[in-house]
Amino acid sequence: MEFTEWIRGRTDEQLRALVSARPELITPVPAHLEGLASRAGSPSAIGRVLDRLDRFTLAVVETLAVQDGPVSGERLRELVSAALGGDRPGPDAGPALSAALDRLFDLALVYGSDDALDLGPGVRKVLEDPAGLGPRAVDAFRHHPPEQLDEMADDIAPDTQGSGKERLAAALAEPAALIESVSPEARGALDQLAWGPPTGRVPNARREVRVASARSPIEELLARGLLAATGEESVTLPREVGLHLRGGRVHRGLLAVPPPLEGATRDKDLADRTAAGQAFSFVRSVEELCDRWSVDSPGVLRTGGLGVRDLKRTASELDLPEWVAALVVEVAHAAGLIAAGGGVDGEWLPTSGYDLWRVRATADRWVTLASTWLQMDRVPGLVGERDDRDRPLNALHTDLRRASAPGVRAATLGVLAAAPGLAPSRDSVLERLAWEQPRRKGPLRERLTEFALREAEQVGVTGLGALSTHGRALLDGGEPAEALAPLLPEPVDHVLLQADLTAVAPGPLTSELNRWMTLTADVESKGGATVYRFSESSIRRALDAGHGGEELVSMLARHSATPVPQALSYLVTDVARRHGRIRVGTASAYIRCDDPALLDQITADRRSAALRLRRLAPTVIASRSSRAALVDSLRAMGYAPVAESLDGDVIISQLDSRRTEGPAPVRTVSSGNGLDPEVAVAAVRAMRAGDAAHLARREPVEAPGGQVPRGPATATISALQDAIKQGVRVWIGYLDSQGNATSRILEPARMEGGYLTAYDETRAAVHRFALHRITGVAGL
């Protein structure tokens with residue numbers, strides 16, 4: 001049976017299963033089923049679907065690939081059962097094989113009946129060295145000179161007839177005698193290649209050698225055709241020889257089920273609470289990052305990205321390891337919370353989207369961050385490494401993109417989801433992934449898996465190495481916010497003020513109080529309780545931001561569960577009394593003060609010599625230094641100046657946080673390979689209609705006379721949706737690209753993105769119609 005005819009014989013339900021599992025086959029929708037069959041056999045489409053197969057299903061494909069033609073289901077079961085047993089007789093592969101074949105039929109990788117199963121067109125060409133077996137003898141020796149093949153055939157099959165290649169292939173079909181005739185060293189070389197890979201490197205592989213003149217084990221094998229030269233220094237083992245060495249088995253040690261996961265068992269409630277704590281900390285880290293960068297934003301490197309020093313400073317300010325700080329920065333950027341903006345050189349600034357994000361509930365904010373992490377194609381774990389040209393990979397640089405990263409994260413979490421309450425080891429996860437997607441294994445995939453495991457713990461998707469309940473909901477498309485919210489710590493709105501100028505937060509503070517405490521005091525330690533320390537510089541920082549001394553004392557009293565210590569009250573009052581007595585403006589800069597004695601003290605101070613001060617009036621001193629440098633120098637000398645504008649107003653710092661407009665955040669999409677069921681139904685209907693016309697070769701029909709009655713756009717769209725659901729034909733009025741009014745008879749298939757896909761009976765082809773050009777719809 002031809003593959004195209006087999007496709008035509010599939011039911012609509014089976015075709016919908018095919019296009020749902022392989023959506024690339026209908027992008028765009030083929031005009032007929034013959035086009036679908038052709039597209040299913042293209043190398044790129046086959047490569048994609050093979051990458052999704054597990055080890056056992058792929059082994060079934062490889063078993064069929066090494067056969068010379070169709071095989072019966074009984075023979076296939078014998079071959080696969082032999083592989084399941086390793087070196088001993090294996091169990092019956094019937095149940096597992098039936099399930100694998102059903103999936104391969106659904107994917108159109110295998111077709112035919114139980115008496116003649118075969119691979120779809122193009123599958124054998126895409127598989128390189130299936131099951132670790134080399135090419136057939138006729139293919140392995142196709143580039144050898146005919147004279148050399150004749151000499152080899154004369155040596156190993158002297159009494160046979162035909163061309164050298166035919167005689168050689170016939171001799172290698174039963175290679176037992178040839179293998180027995182070689183030395184033990186040569187047999188050892190064959191055994192090394194038997195289970196793959198089937199290729200090796202030897203010097204001067206194309207040398208001409210006869211059985212009688214062979215002097216080395218390799219020459220023995222080359223002379224007998226047991227090895228075939230494929231290049232000047234490369235050889236391969238012919239498939240027939242490999243199968244004989246394997247005892248007729250295609251695979252060994254094959255597993256019909258995934259390998260078991262090994263690791264530590266975790267208490268579910270404890271894992272959920274641990275993950276929730278990590279989730280809360282991650283949200284707070286992102287919030288603190290954006291707040292800090294809104295005031296003191298790092299610059300954008302000329303080559304793009306964030307500088308190494310800026311990342312180190314950020315990690316120190318957030319009190320996080322550098323790799324965690326890089327993760328926080330990358331996720332915030334991918335979520336659209338920070339972006340490059342500012343002046344010509346560029347700065348990394350929070351976006352306007354951050355202001356909307358931070359007012360949402362903590363659980364909802366975490367869902368945004370976790371979904372972004374799961375779907376983004378950036379790999380924060382590579383930050384700090386070097387690329388192929390020995391250039392450093394900086395955070396926020398475009399070179400951190402890896403297209404396979406989202407798929408690896410989803411696959412890794414899928415492994416964790418398969419073992420509830422278990423924290424599997426790294427090697428166990430890698431072994432399971434190697435079984436689930438054997439064609440995708442490699443060093444990069446292993447590293448991405450390791451990154452996914454440690455980042456999932458840091459983001460709060462896992463707790464103690466086990467997938468959390470809210471992490472499972474995130475992966476399955478459920479309601480992770482509802483699962484996470486009850487587990488989050490309740491924010492507190494008070495602190496405990498101590499006599500040693502410290503404040504202890506007995507739990508996570510509310511967002512507003514946390515920002516206020518970060519402004520007014522310095523974080524001394526974090527943990528179960530955060531310790532803040534008040535100092536002259538921290539109080540001055542709050543005063544610089546526009547707060548008054550009395551306001552600070554009032555806020556402390558309102559948010560403290562203990563009385564305000566006298567020492568702290570005195571500190572705030574003293575700093576506020578001295579704050580702003582000296583004013584600094586632009587001369588380059590000037591110093592203004594209502595107290596001439598204080599200016600006398602400044603000019604008499606030897607440390608002010610570098611400022612190049614000049615007394616302009618009893619209350620004014622000019623300087624050649626910049627305003628910022630003058631403020632910093634006076635503060636270093638122990639004074640408490642404030643900067644003022646040209647109008648004499650005090651310049652408030654930090655309250656006017658800067659923002660930029662960032663790119664759209666990463667969109668959250670399903671991690672599966674499925675397709676919208678309605679799209680699959682419409683695509684199959686369109687291909688069926690196109691195929692019927694293709695087979696009948698029917699001529700285009702003429703539309704009824706007259707014009708289709710015009711109607712409102714809503715009525716037109718509603719009528720088309722009804723026609724799609726009922727599978728009936730409609731008569732439409734349509735304006736072509738030149739604005740000419742035409743009539744068409746259509747069999748609508750699907751409607752999306754402002755276009756209608758339908759079989760056009762007036763053109764006998766599948767077309768797409770812009771909805772805004774359809775002037776009316778009428779039934780037939």
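For the structure, check the block above.
Counting of residues starts from 1 at the beginning of each chain's written sequence and follows it residue by residue. Local features in this predicted model are restricted to residues whose pLDDT is 70 or higher, and side-chain atom pairs enter the listing and the counts only when it is 80 or higher, whereas totals over whole chains, interfaces and linings include all residues. Excluding hydrogens and water, the side-chain figures rest on all heavy atoms present in the structure.

(A) View of the overall build of the protein. Numbering of helices and strands runs from the N terminus, with a helix taken as a DSSP run of H or I at least four residues long and a strand as a DSSP run of E at least two residues long. Scanning the protein from N- to C-terminus turns up 33 helices and 25 strands. Relative to a compact globule of 780 residues, whose C-alpha radius of gyration would be 28 Å, the protein shows 37 Å and is clearly more extended. Each principal axis of the C-alpha atoms in the protein carries an extent, and together these give about 120 × 90 × 55 Å. Exposure classes here rest on a 1.4 Å probe applied to the protein chains alone. A residue is buried below 20% of its type maximum, exposed above 50%, and partly exposed in between. Within the protein, the fraction of its 780 residues that count as buried is 49%. Across the protein, the fraction of contacts at a sequence separation of at least 24, relative to all contacts at a separation of at least 6, is 66%. Surface exposure here means Shrake-Rupley accessible area, sampled with a 1.4 Å probe, where a residue is shielded only by the protein chains that are shown. As displayed, the protein offers around 36900 Å² of accessible surface, 50% of which is attributable to carbon and sulfur atoms. The centroid of the 91 positive side-chain charges in the protein is displaced by 5 Å from the centroid of its 104 negative side-chain charges. Atoms counted for the radius of gyration: C-alpha only. Globule rule: 2.2 Å times residue count to the power 0.38. Whether two residues touch is decided by their heavy atoms; if any such pair falls within 4.5 Å, the residues are in contact. Working convention for charge: Lys and Arg count positive, Asp and Glu count negative, and His plus the chain ends are omitted. We put the charge of a Lys on NZ, of an Arg on CZ, of an Asp on CG and of a Glu on CD.

(B) The arrangement of empty space enclosed by the protein in detail. Using protein atoms alone on a 1 Å grid, points that fit a 1.4 Å probe yet trap it form a cavity, whereas open point sets bounded by protein on both sides within 12 Å along at least five of seven lines form a pocket; residues with an atom within 4 Å of a point count as lining. Grid points are joined across faces, edges and corners, and a volume is the space filled by probe spheres set on the points. Following the criterion strictly, the structure yields three cavities of 30 Å³ or more and no others. When its volume is computed, the largest cavity comes out at roughly 80 Å³. In this count, Pro and Cys sit with the nonpolar residues alongside Ala, Val, Leu, Ile, Met, Phe, Trp and Tyr, while Asp, Glu, Lys and Arg are called charged and the others, Gly among them, polar. The residue inventory of the lining of the largest cavity, partitioned by class, reads eight nonpolar, two polar and two charged. One number sums up the size of the second largest cavity: a volume of about 50 Å³. Lining the second largest cavity are Val379, Ala405, Val408, Arg409, Leu448, Phe451, Ala452 and Glu455. Listed by contribution, the elements that provide at least two residues to the lining of the second largest cavity are helix H21 (405-417) and helix H23 (443-459). By residue number, the principal contributor to the lining of the second largest cavity is H23, which donates four residues. Its residues assigned to classes, the lining of the second largest cavity shows six nonpolar, no polar and two charged.

(C) Representation of the nonpolar core in the model. We define the nonpolar core as a collection of buried residues of types Ala, Val, Leu, Ile, Met, Phe, Trp, Tyr and Cys that are connected through side-chain atoms lying within 4.5 Å of one another. Counting residues in each nonpolar core, the largest one holds 67 residues, and the members touching the most others are Val286, Leu337, Trp366, Leu369, Trp373, Leu413 and Val461. With residues up to four places along the chain from it excluded, the contact list for Trp373 reads Leu327, Val331, Arg409, Leu413, Ala452, Glu455, Ala456, Val459 and Val461. Counting residues in hydrophobic clusters, the runner-up holds 55 residues, among them Ala40, Leu97, Leu101 and Leu117.

(D) Geometry of the sheet that holds strand S14 (residues 522-525). The strand order S12-S13-S15-S14 describes an open sheet built from four strands, whose pairing is antiparallel. Lying at the two open borders of the sheet, with one neighbouring strand each, are strand S12 (496-497) and S14. Strand pairing is assigned whenever DSSP identifies at least 2 bridges connecting the two strands. Pairing analysis gives four bridges linking strand S13 (residues 502-505) to strand S15 (residues 530-533), with the strands arranged antiparallel. Bridged to Thr502 within S15 is Arg533.

(E) Layout of the sheet that holds strand S21 (residues 730-735). The sheet built from five strands is open, its strands ordered S24-S23-S22-S21-S25 with antiparallel pairing. If you trace the sheet from one side to the other, it starts and ends with strand S24 (765-770) and strand S25 (774-779), each paired once. Each strand of the sheet is rotated relative to its neighbour by a mean of 45 degrees, with strand direction disregarded. As judged from the six bridges shared by strand S22 (residues 741-752) and strand S23 (residues 755-760), these two strands associate in the antiparallel manner. Along S23, the bridge assignment pairs Glu752 with Tyr755. On top of the sheet, helix H33 (residues 713-726) reaches S21, S22, S23 and S25; it is set at about 60 degrees to S22, its chief contact. Fitted lines through C-alpha atoms serve as axes, helices being fitted only where they are in contact, and the angles separating the N-to-C directions of these axes extend from 0 to 180 degrees.

(F) Geometry of the packing of helix H20 (residues 362-375) against H23. At their nearest, the axes of H20 and H23 sit 11 Å apart, and the two run at 175 degrees to each other. As summarised for this structure, H20 and H23 are arranged roughly antiparallel, according to the angle between their axes. Across from Trp366, Ala370 and Trp373 in H20, the residues of H23 making contact are Ala452, Glu455, Ala456 and Val459. Tallied by class, residues from the contact of H20 with H23 come to six nonpolar, no polar and one charged. Angles below 35 degrees are treated as roughly parallel, those above 145 as roughly antiparallel, those between 65 and 115 as roughly perpendicular, and all remaining angles as oblique.

(G) Representation of the packing of aromatic side chains. Two aromatic rings, drawn from Phe, Tyr or Trp (for Trp, its six-membered ring), form a pair once their centres lie within 6.5 Å of each other, and the interplanar angle then sorts them: stacked below 30 degrees, edge-to-face above 60, tilted otherwise. One pass over the full model with this rule turns up six aromatic pairs. Relative to Tyr111, the ring of Phe3 lies with its centre 5.3 Å away and its plane at 75 degrees, an arrangement referred to as edge-to-face. Highlighted residues: Phe3 in helix H1 (residues 3-8) and Tyr111 in strand S1 (residues 110-113), separated in sequence by 108 residues. Overall, Phe3 belongs to the buried group, its relative accessible area being 5%. Residue classification places Tyr111 among the buried positions, given a relative accessible area of 13%. Look at Trp6 and Phe105: their rings are 6.1 Å apart centre to centre, the planes differ by 35 degrees, and that puts the pair in the tilted class. In this pair, Trp6 sits in helix H1 while Phe105 sits in helix H7 (residues 94-106), placing the two residues 99 residues apart along the sequence. Accessibility classification places Trp6 together with Phe105 in one group, the buried group. A network of ring pairs unites the aromatic residues Phe3, Trp6, Phe105 and Tyr111 as a single cluster. Only when the NZ atom of a Lys or the CZ atom of an Arg is both within 6 Å of the ring centre and within 35 degrees of the ring normal do we say a charge sits over the ring. A cation over an aromatic ring shows up here: Arg365 above the ring of Trp357, its NZ or CZ 5.1 Å from the ring centre. Across from the ring centre of Tyr755, 4.5 Å away, lies the NZ or CZ of Arg768, which sits over that ring.

(H) Looking closely at the environment of Ala693. Along the chain, Ala693 turns up in helix H32 (residues 677-696). A C-alpha to C-alpha distance of 45 Å links Ala693 and Leu374, two positions 319 residues apart in sequence.

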